[in-house]
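Here's the letter readout for the chains.
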Amino acid sequence: MTKKELKEQIQGKLKRHYGVDETEAKPQMIYDACAQTVRDLLMDKWVHTKHTVHKKEAKQLYYLSIEFLLGRSLRNNVFNLGLMSQFQGALKDMGTSFDEICDIEQDAALGNGGLGRLAACYMDAISSQGLPATGFSILYEYGLFKQRIIEGQQTELPDSWLDTGRSWLVTKEDEAVEVRFGGHVEEEWTENGMKVHLVDCDVVRAVPNDMLMSGYRSKTVNALRLWQPKSVYNMNMSLFNAGDYLKAMEHAVTAEVLSKVLYPEDNTYEGKSLRIKQQYFFISASVQTIIRKHLEHYPSLDNLADKIVIQINDTHPAMVIPEMMRILMDEHGLSWDKAWDLTSHSVAYTNHTVMVEALERWPEELIQKIVPRIHQIILEINRRFCEHLWQVFPGDWDKISYMSIVGNGEIRMAHLSIAGSFSVNGVSALHSQILKDDCFHDFYLDAPEKFTNVTNGIAYRRWLGQGNPGLAKLLKESIGDSYLKKPNDLEKLKDFADDPEFLTRFDQVKRENKLRLAEFIKKENGIVIDPDSIFDVQAKRLHEYKRQLLNVLHILRMYYEIKDDPNKTVVPRTFLFGAKAAPGYSRAKEIIRLIHAVADMVNNDPAMDGKLKVVFIQDYKVTVAEILMPAANLSEQISTAGREASGTGNMKFMLNGAVTIGTYDGANIEILDRVGEENFFLFGLRTADVNHLLRHGYDAMSYYVNNPWINRVVSAIQRGIGAPGREIAFPGIANSLLFNNTGNVADPYLVLADFEDYCRAQNFASEVFTDKMAWNRKALINVAMSGDFAADRSVLDYDRDIWHLTHLPK
């Protein structure tokens with residue numbers, strides 16, 4: 001499409017939809033016209049993709065995830081379509097700019113952190129590799145939340161994104177399905193066998209809204225189907241006319257609450273109920289659609305497992321297993337054995353955590369109340385699974401009890417996922433090994449053939465080609481742009497690792513990115529930061545195991561070292577944080593408040609001028625990350641060894657030329673293997689050391705007593721942190737590091753045990769940073785070796801080892 005043709009398309013949309021030309025159009029109208037133009041182009045490719053799938057009788061993927069963290073769509077789709085210059089030229093001719101129009105779009109509020117971003121990266125890579133797939137999730141109205149920091153404390157506000165997001169949705173009312181909750185099960189014996197009916201249930205209509213997923217210069221376009229709940233009942237006019245307006249709308253409100261927010265708090269009965277309903281709502285609608293679409297093209301369900309694979313992204317979609325059994329048996333008359341054979345050969349499970357407390361468990365009585373037929377099927381799956389385990393582990397009742405799907409009044413969703421899947425994968429080499437050796441060891445002994453690894457990957461074209469245009473330009477001039485299709489071609493950059501002229505240009509790109517971030521922070525935070533300081537960045541979900549607290553303790557040590565010796569030579573450092581805490585996670589929210597108290601103290605102390613700054617960037621999201629990551633010098637990946645399944649932020653920072661300071665954990669290990677220890681600031685205990693300490697009596701207090709710096713910084717937190725007159729004490733945080741509490745060991749994530757070695761690694765990083773050429777060489781090697789962490793590699797690994805999909809023409 002030429003610039004002229006594109007301009008005519010946009011102008012036509014403005015006239016037909018708004019009755020204006022470009023001279024009258026408001027920026028929002030121009031954005032909508034651009035989005036609709038791109039959507040039309042994608043629709044043509046989508047129709048072609050679907051025809052190709054049907055013609056080839058292709059095996060397809062269905063990717064189920066409770067969240068997809070997409071970011072903005074306009075720039076990404078235009079880049080993938082190869083229309084950047086045309087859009088830039090057309091919009092310039094219309095008196096605006098492509099960047100200004102892109103900035104109107106709000107991030108799609110459909111995800112939270114790494115889980116959702118991974119799902120979004122995979123949809124991009126799947127389309128880029130010409131693989132047929134459909135994603136399934138929920139059309140959240142307000143997403144997780146919009147974070148606002150008020151007096152240092154996180155406040156949650158609704159994240160209204162559909163004002164701009166609706167332009168990308170293709171609503172298909174004709175493909176709506178009904179999802180049933182509650183009621184009770186009645187069984188009827190007929191000449192054709194037993195029939196099962198759900199009686200006196202509540203019905204919610206699930207309306208599909210498709211968002212099209214482009215791939216880079218690919219003929220394939222797939223869809224992300226987002227389910228929107230609607231009431232099947234009309235408003236009760238009698239109640240409305242009687243003045244009982246709320247009662248008249250009760251059914252509509254009850255239905256629509258299912259999609260209001262992602263991850264409603266589940267520390268109450270009502271919250272748990274809503275989470276279960278959300279999960280079943282999108283699972284049931286999705287499985288109904290999968291079965292219906294199969295039967296539209298094949299005469300029977302006999303070949304279902306040969307033509308589809310359902311990948312469940314963590315345990316939130318685990319009820320896909322009993323729901324598929326329900327549909328195959330109750331609606332299509334299959335026997336249990338036939339239904340189980342099809343189900344267990346169609347579903348694959350990706351595990352994302354080794355932390356037992358993070359594995360979903362739902363109260364059995366809630367499952368029984370909300371989805372009674374699903375409860376019946378789970379009980380039967382559990383009975384048969386335990387019978388099988390008795391053959392594998394005869395007489396070992398304790399083992400069978402803890403491996404069971406149902407036990408102690410709970411339904412264990414991870415155990416259900418393993419029992420009902422043909423594949424179970426972790427997301428880094430270490431994580432997958434821990435699953436086999438520890439977390440799911442006995443499941444592995446039962447079915448070793450199920451367990452495999454697929455290390456996570458990122459949408460590297462977005463994070464480099466779009467998010468870091470300066471670096472992309474330098475790469476094109478030096479190694480060409482073949483890496484956009486072949487990510488391992490980035491290794492060609494190693495030829496420039498000892499080229500002073502190239503390293504200087506590489507450094508200039510980084511400084512320009514730092515200036516861009518500094519401008520953003522000045523605008524958003526009112527803080528001026530030094531672009532020549534080390535930009536030390538920790539940007540990820542706030543959780544104790546990710547150890548933002550360890551970072552804070554080191555900042556306090558640096559602060560007090562300068563206070564003790566104002567003439568001390570310091571390599572200037574800007575500490576940057578981006579994080580959201582779950583609304584009900586009080587300790588995480590308390591750590592956010594501590595970070596702000598430390599920032600208040602550091603940034604208002606004249607002794608820190610030109611030496612230290614601390615900045616917390618509120619409402620961290622994909623669009624913010626696209627500014628933050630290209631500017632980072634040091635990437636903080638400091639989780640407790642053995643606790644981070646993989647991480648993907650570490651890969652994005654690496655790709656953008658940040659050097660990692662990190663533990664031997666998750667995908668850090670694989671990054672370390674690629675770049676070498678000389679290009680990675682490694683510190684901390686290994687997984688075996690962590691487990692040994694925790695199992696044999698970790699004494700956190702001894703570190704406090706014997707290490708003067710730990711004593712000083714923890715005591716400061718206990719007494720109060722902040723600018724003079726604004727100090728805030730954090731005894732809860734300090735005590736959690738020192739004292740056992742309600743059955744929990746003190747300092748369960750070994751912050752104090754790793755503190756001294758972390759400070760050593762930080763000092764070494766400062767020392768290296770003073771040698772620009774040495775630092776830039778390390779940073780360049782990180783970029784060069786990042787190709788293995790492309791999502792393209794990940795999805796091809798999935799396809800080779802798990803999915804075995806039909807490849808479409810690219």
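Attention in this report is confined to the structure presented alongside it. Since the structure is predicted, the reported quantities are computational estimates derived from the model, not experimental observations.

## Quick word on the overall build of the protein chain
The helix and strand tally for the protein chain stands at 35 helices and 23 strands. Against the globule reference of 28 Å for 810 residues, the protein chain gives a C-alpha radius of gyration of 27 Å, in line with a compact fold. Within the protein chain, the fraction of its 810 residues that count as buried is 62%. Residue pairs in contact within the protein chain that sit at least 24 positions apart in sequence constitute 76% of those at least 6 positions apart. Total accessible area on the protein chain is roughly 31400 Å²; 49% of this is exposed by carbon and sulfur atoms.

## Points about empty space enclosed by the protein
Overall, the coordinates contain five cavities of 30 Å³ or more when judged by the stated rule. Estimates place the volume of the largest cavity at around 170 Å³. Contributing to the lining of the largest cavity are 15 residues, with L70, N76, D124, M213 and R462 lying nearest its centre. Breaking the lining of the largest cavity down by element, the ones donating at least two residues are α3 (74-81), α6 (114-128) and β9 (202-214). Its residues placed into classes, the lining of the largest cavity shows seven nonpolar, four polar and four charged. Its boundaries defined by the atoms lining it, the second largest cavity holds a volume of some 60 Å³. Lining of the second largest cavity is provided by K540, K546, Q637, I638, S639, E644, S646, N650, D665, G666 and N668. Looking at the lining of the second largest cavity, its residues break down into one nonpolar, six polar and four charged.

## Digging into the sheet that holds strand β21 (residues 634-637)
Strands sit in the order β20-β19-β18-β21-β22-β23 across an open sheet of six strands; the sheet is parallel. The sheet is open, and its two edges are formed by β20 (612-617) and β23 (681-682), each paired on a single side. Taken together, the two bridges between strand β22 (residues 659-662) and β23 define a ladder with parallel strand orientation. What sits directly across from I661, in β23, is F681.

## Section: the nonpolar core
Residues L74, F87, F281, I310 and L517 are the most contacted members of the largest nonpolar core, which totals 281 residues. In contact with F281, not counting residues within four places along its chain, are I138, V179, F181, V204, R205, A206, W227, Q228, P229 and L258.

## Section: the packing of helix α23 (residues 500-525) against helix α34 (residues 772-784)
Look at α23 against α34: their axes get within 10 Å of each other, and the N-to-C directions meet at 80°. The angle between the axes of α23 and α34 places the two elements in the roughly perpendicular class. Taking contact as the criterion, the partners of P500, F502, L503, T504, F506 and D507 in α23 are, on α34, K772, M773, N776, R777, A779, L780 and V783. When grouped by side-chain class, the residues that make up the contact of α23 with α34 number eight nonpolar, two polar and three charged.

## Brief notes about helix α16 (residues 372-392)
Counted at 1.5 Å a residue, the expected span for α16 with its 21 residues is 30 Å, and the 30 Å between its end C-alpha atoms agrees. Within α16 the residues assigned to the buried category are P372, R373, I374, H375, I377, I378, I381, N382, F385, C386 and L389.

## Some words on the pairing of strand β8 (residues 193-199)
Pairing analysis gives seven bridges linking strand β7 (residues 184-190) to β8, with the strands arranged antiparallel. Within β8, the residue paired with T190 across the bridge is G193. From the end of β7 to the start of β8, which pair antiparallel, there are two residues.

## Describing unusual backbone geometry
Non-glycine residue E151 carries a positive phi angle of around 50°. Along the chain, the position of E151 falls in the loop between β3 (146-150) and β4 (153-157).

## As for the sheet that holds strand β13 (residues 361-363)
Ordered by their spatial adjacency, three strands build an open sheet running β13-β15-β14, and the pairing between neighbours is antiparallel. Taken across any chain shown, the strands that pair with only one partner, and hence form the sheet edges, are β13 and β14 (406-407). Here two bridges tie β14 to strand β15 (residues 410-412), and the two strands are oriented antiparallel to one another. Each bridged residue has a counterpart across the sheet, and for V406 the counterpart in β15 is I411.

## What to know about the side chain of S259
With respect to the helices and strands, S259 occurs in the loop between α10 (250-256) and α11 (269-297). Setting aside residues up to four positions removed in sequence, S259 forms contacts with I138, L139, Y140, E141 and P229.

## Topic: the packing of helix α13 (residues 320-331) against helix α14 (residues 336-344)
The interhelical angle for the contact between α13 and α14, taken along N-to-C directions, is 135°, at an axis separation of 9 Å. Between α13 and α14, the angle falls in the class oblique. Between α13 and α14 lies a crossing whose hand is right-handed. When α13 is examined against α14, the residues I321, M324, M325, L328 and M329 are found in contact with a partner set consisting of W336, A339, W340, L342 and T343. When the residues that make up the contact of α13 with α14 are grouped by side-chain class, the tally is nine nonpolar, one polar and no charged.

## Details of the packing of aromatic side chains
Within the structure shown, the criterion is met by 20 aromatic pairs. With a centroid separation of 4.7 Å and 35° between ring planes, the pair formed by W390 and W397 is classed as tilted. The ring of F145 has K580 lying over it, and the distance from NZ or CZ to the ring centre is 5.1 Å.

## Digging into the environment of C121
Following the sequence through the fold, C121 ends up in helix α6. On a C-alpha basis, the gap between C121 and Y460 in space is 8.6 Å, while along the polypeptide they are 339 residues apart. Not counting residues within four places of it along the chain, the set of residues in contact with C121 comprises G457, I458, A459 and A791.

Here is what the cut-offs are and how they apply
The written sequence of each chain sets the order in which its residues are numbered from 1. Only residues with pLDDT of at least 70 get local features here, since the model is predicted, and only at 80 or more are side-chain atom pairs given and counted; chain-wide, interface and lining totals rely on the full set of residues. To obtain the side-chain values, all non-hydrogen atoms of the structure were included, while hydrogens and water were left out. For the purposes of this entry, the term helix denotes a DSSP run of H or I that reaches at least four residues, the term strand denotes a run of E that reaches at least two, and both are numbered from the N terminus. In this description the radius of gyration comes from C-alpha coordinates, and the expected globular size is given by 2.2 Å times residues to the power 0.38. Burial classification: accessible surface area is computed with a 1.4 Å probe over protein chains only, and a residue below 20% of its type maximum counts as buried, one above 50% as exposed, and the rest as partly exposed. The contact rule is simple, with two residues in contact once any of their heavy atoms fall within 4.5 Å. In short, Shrake-Rupley with a 1.4 Å probe defines the accessible areas, and a residue's cover is counted only from the protein chains shown. Cavity means a closed set of points on a 1 Å grid over the protein atoms alone, one where a 1.4 Å probe fits but cannot get out, pocket means an open set with protein on both sides within 12 Å along at least 5 of 7 lines, and lining means a residue has an atom within 4 Å of a point. Grid points are joined across faces, edges and corners, and a volume is the space filled by probe spheres set on the points. When residues are grouped by polarity, Ala, Val, Leu, Ile, Met, Phe, Trp, Tyr, Cys and Pro land in nonpolar, Asp, Glu, Lys and Arg in charged, and all others, Gly among them, in polar. For two strands to pair, DSSP has to find at least two bridges joining them. Side-chain atoms within 4.5 Å are what join buried Ala, Val, Leu, Ile, Met, Phe, Trp, Tyr and Cys residues into a set we call a nonpolar core. As a rule, the C-alpha atoms of each element are fitted with a line to give its axis, helices using only the stretch in contact, and angles between N-to-C directions run from 0 to 180 degrees. By the definition adopted for this analysis, an angle is roughly parallel if under 35 degrees, roughly antiparallel if over 145, roughly perpendicular if from 65 to 115, and oblique otherwise. Take the residue count of a helix, subtract one, and multiply by 1.5 Å to get its expected span. For any pair of crossing helices, the crossing counts as left-handed if the nearer helix is rotated counterclockwise from the farther one by less than a right angle, and right-handed if it is rotated clockwise. Side-chain rings of Phe, Tyr and Trp, where Trp is taken by its six-membered ring, are said to pair if the distance between their centres is within 6.5 Å; with planes under 30 degrees apart they count as stacked, over 60 as edge-to-face, and otherwise as tilted. Lysine and arginine charges are scored as sitting over a ring when NZ or CZ, respectively, is within 6 Å of the ring centre and within 35 degrees of the ring normal.

In short, shape yes, function no, at least from these values alone.
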